[in-house]
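Now for the letters of each chain:
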Amino acid sequence: MYRNSLTEMRDLEIEEIMDILDLATQFKANVKGHTEIASGLLMASLFLEPSTRTRGSFEAAMKRLGGDTITTTDFKSSSMEKGETLNDSIRIWGNYCDLIVLRHQESGAPRVAANISSVPIMNAGDGRNEHPTQALCDLLTLKEEFGTLEGLNIAICGDLRNGRTVHSLAYGLLLLGNPVTFVPGNGLDLNDTTKKTLCDNFGVVLSELPPSQVRYSDLFEGNHEAKAYRLHKPTPDFDEYAYNGKKLDIDLRPVALYFTRCQTERGSDTKEAGYPKVNQNNLETEFFSKAVVMHPLPRLDEVSVALDDHPRSRYFQQAANGVPIRMALICLMLGLKAWSSVTSQ
Ligand code: NCD
């Protein structure tokens, strides 16, 4: 943990992720129950950008734990509209509460806040940077589905450039040793610095996936040839695959397709066409026959509403996991439950 705060995925060790998922699983068994474990404690939710799931589930989590919340739901109703700095706001709010949950339009704001805050800060999404608590909801959903968080081939599709959930989930999956496949919308790829940081951090390499052997083009309308690539540990067979185009003896079919919305408010644009979307037809093809469908929500039209009751849809489960995940985080970060590892203290 960074100063007892969760600002980015890199604040978490693998053991800490497992502690959070294990405790969330315990809470999930009785998620509509009520405890008094956080009785007398106050959480401030400072949401300076719109939110449905993250704020709702954080506040529900705190109240289910017997604590209470104070809220700012938009920038204009706070003194930041008058020119107050983030630093001053955080100092003030720290006097009023025991924990601050911060959603901010600027990348890095939670880290700045954690440096001056007298109480723990939780990043509820900062600009185009990260959304670590969403990644924990995603990881819990994957663990529930597959019983493990190892050896999973997840394809992350859509706005990789500006989608903050993408950055946190990719980090988490690579930290846990998984290869990750990326399928960007046209012009919406991860930026080069992010790719290099991931490769350097995790000792992975990037291999382009030839469209003739993987079927990601089926997620695009028209004759768009999808760009797809994979970050993975260097292996001789994969290098051969990438560089000689030979057929490889490993299953490249994804076990989950993780879609994201085009972040128009951060300058992303789909007018150029070429944005991956899933519907009943392409989900039933052989290449996607094993894949569950995920999305952090809100969705636009990336995931057809016709899939809402499909046996492989998992996006509402991800959203439901928001409450137990945030109950676990609140308890661990406020010391109401113990971490199993000592690294966090
Ligand atoms: C995401 C976000 O705010 O980054 N939503 C969420 O918290 N589940 C995704 C998005 O806005 O596209």
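Residues numbered from 1 in each chain as written. Predicted model: local features only at pLDDT ≥ 70, side-chain atom pairs only at ≥ 80, totals over all residues. Heavy atoms only, no water.

Draft legend 1. Representation of the nonpolar core in the model. Among the nonpolar cores identified, the biggest contains 63 residues, and Ile20, Leu139, Leu142, Ile156, Phe182, Ile325 and Ile330 are the most heavily contacted of them. The leading source of residues in this core is helix 11 (residues 322-333), at nine residues. Here this core gathers at least three residues from each of two domains, domain 1 (9-129 + 322-333) and domain 2 (132-319). With near-sequence residues (within four places) excluded, Ile156 lies in contact with Val166, Leu169, Ala170, Leu173, Val180, Thr181, Phe182, Val183 and Tyr258. Counting residues in hydrophobic clusters, the runner-up holds 23 residues, among them Ala155, Cys157, Val183 and Phe259. (Core = buried A, V, L, I, M, F, W, Y, C linked by side-chain atoms within 4.5 Å. Buried < 20%, exposed > 50% of the residue type's maximum accessible area, 1.4 Å probe, protein only. Helix = DSSP H or I, 4+ residues; strand = E, 2+ residues; numbered from the N terminus. Domains from an automatic or database assignment. Contact = heavy atoms within 4.5 Å.)

Draft legend 2. Fine view of the site of the ligand. What surrounds the ligand is the set Arg53, Thr54, Arg103, His131, Gln134, Arg164, Thr165, Arg261, Gln263, Pro296, Leu297 and Pro298. With respect to the ligand, the side chain of Gln134 contributes an N or O atom lying 3.2 Å from a nitrogen atom. Residue Gln263 places a side-chain N or O atom 2.8 Å away from an oxygen atom belonging to the ligand. Isolated, the ligand exposes 320 Å² of accessible area, and the fraction of that covered by the protein chains is 93%. Sorting the residues of the shell around the ligand by element identifies helix 2 (53-64) and helix 6 (164-175) as the ones contributing at least two each. Residue-level mapping places the shell around the ligand at the junction of two domains, with at least three residues from each of domain 1 (9-129 + 322-333) and domain 2 (132-319). (Near = heavy atom within 4 Å. Polar contact = N/O pair within 3.5 Å; in protein donor to acceptor, adjacent residues only side chain to side chain. Areas by Shrake-Rupley, 256 points an atom, 1.4 Å probe, with all protein chains shown as cover.)

Draft legend 3. Local environment of the sheet that holds strand 6 (residues 180-184). Reading across from one edge, 7-8-6-5-9-10 is the order of the six strands in this open sheet, with mixed pairing throughout. Either end of the sheet is taken by a strand with one partner, and the two such strands are strand 7 (205-208) and strand 10 (292-294). With strand direction ignored, the average angle separating the axes of adjacent strands in the sheet is 25 degrees. Helix 5 (residues 132-146) rests against strand 5 (154-158), strand 9 (256-259) and strand 10 of the sheet, and its axis sits at about 170 degrees to strand 10. Each of strand 5, strand 6, strand 8 (229-232) and strand 9 is contacted by helix 6, which is oriented at about 165 degrees to strand 5, the strand it contacts most. (Pairing = 2+ DSSP bridges. Axes fitted to C-alpha atoms, helices over the stretch in contact; angles between N-to-C directions.)

Draft legend 4. Region of interest: the domain arrangement of the chain. Assigned domains of the chain: these are domain 1 (9-129 + 322-333) and domain 2 (132-319). Here the C-alpha centroids of domain 1 and domain 2 sit 27 Å apart. Listed per partner, the contact involves 28 residues of domain 1 and 26 residues of domain 2. Carbon and sulfur atoms supply 62% of the area buried between domain 1 and domain 2, which totals about 2,300 Å² over both sides. (Buried area = accessible area lost by both parts, 1.4 Å probe.)

Draft legend 5. Region of interest: the sheet that holds strand 2 (residues 68-72). The four strands lie next to each other as 2-1-3-4, forming an open sheet whose pairing is parallel. Two strands close off the open sheet at either side, each with one partner strand: strand 2 and strand 4 (121-126). Direction aside, the axes of adjacent strands within the sheet are offset by 15 degrees on average. Both strand 1 (residues 42-47) and strand 2 contribute to a ladder of five bridges, which runs parallel.

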